[in-house]
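Observations on the model geometry
Okay, here's what each chain looks like letter by letter:
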Amino acid sequence: MTDIDIAKVRRAIAPSGTLRTTINVGNPILASRKDVPGGVSVDLARTLAERLDVALELVVLESAGEAVTAVEEGRADIGFFARDPTRAQLIAFTAPYVLIEGCYLVRDGSPVSEMKDIDVAGRRVVVGKGSAYDLYLTRELLHATIERAATSPTVVQHFLETSADVAAGVRQQLQQDADRFGGLRLLAGRFMVIEQAMGVARTHGPVAESYLTAFVESAKAEGLVTDFLKANGVDAVSVAPLTVDVISS
């Protein structure tokens, strides 16, 4: 993009003068609460606020579903979400900035050994309510029963407490829980690639959508996404490839 009217962009994305950004701490790969909110999402939000020369307000939420609702209802301007056609009805997504694997976890003695064993009548699969893999598996699983934990970080605990058959989620979170609880194993392969992107409510209009898309591409092209991942100790995820022209800082 060239000849950017930054004042026009600022009014489109952050009409209040403050960039209100949802931060989903339910996805530990991208954000965490700790003493103060931090993570890749927070770093990208700060960079965007700096480029727009506006104040930043972090709207910290526990789940993806809550973050989506906050943007849809106008309680936040932008957010960090997995791209999904259901969410895209009210939220305009950028191209992804990172790619994350969605995987399955079972008990060591489970008869489930392959992906093809999942979608079976009577099989109970636990997902995080409103997460990208909840939306995806709701569309894809025709025979298994989906049960929803309150948030993504509580999926494995819910799975264990309810004696469900399978836990579904982000590979890194599942592996951490498998190491913590013991007696659990990840199935080989993945059921989806989760495309993590930024999103803005469609009510903000095409100027906001266009600038946010170009911002994400510039963050990838400049190596910012890679740097933020390293700074936050995040590995085993891929920076998404460039898809459009970038904007300069």
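Everything quoted here is computed from the prediction, not taken from an experiment.

What counts, and where the lines are drawn
- Residues numbered from 1 in each chain as written.
- Predicted model: local features only at pLDDT ≥ 70, side-chain atom pairs only at ≥ 80, totals over all residues.
- Heavy atoms only, no water.
- Helix = DSSP H or I, 4+ residues; strand = E, 2+ residues; numbered from the N terminus.
- Contact = heavy atoms within 4.5 Å.
- Buried < 20%, exposed > 50% of the residue type's maximum accessible area, 1.4 Å probe, protein only.
- Axes fitted to C-alpha atoms, helices over the stretch in contact; angles between N-to-C directions.
- Parallel < 35°, antiparallel > 145°, perpendicular 65-115°, else oblique.
- Nonpolar A, V, L, I, M, F, W, Y, C, P; charged D, E, K, R; others polar.

**Looking at the side chain of serine 41**
Residue placement: serine 41 occurs in helix α2 (residues 40-52). Excluding its chain neighbours within four sequence positions, the residues that come into contact with serine 41 are Ile23, Leu30, Ala31, Phe80 and Tyr97.

**A few points about unusual backbone geometry**
Here aspartate 53, not a glycine, exhibits a phi torsion of approximately 60 degrees, which is positive. You can see aspartate 53 is positioned in the loop between α2 and β2 (55-61). Notably, serine 163 is not glycine yet its phi reads approximately 55 degrees, a positive angle. When its relative accessible area of 51% is taken as the criterion, serine 163 is described as exposed.

**What about the packing of helix α1 (residues 6-13) against helix α7 (residues 206-221)?**
At a closest axis distance of 8 Å, the pairing of α1 and α7 adopts a crossing angle of 105 degrees. The orientation of α1 with respect to α7, classified from their angle, is roughly perpendicular. Contacts between α1 and α7 pair Ile6, Lys8, Val9, Ala12 and Ile13 from the former with Val207, Ala208 and Tyr211 from the latter. Residue composition of the contact of α1 with α7, by class: seven nonpolar, no polar and one charged.

Keep in mind these numbers describe shape, not what the thing actually does.
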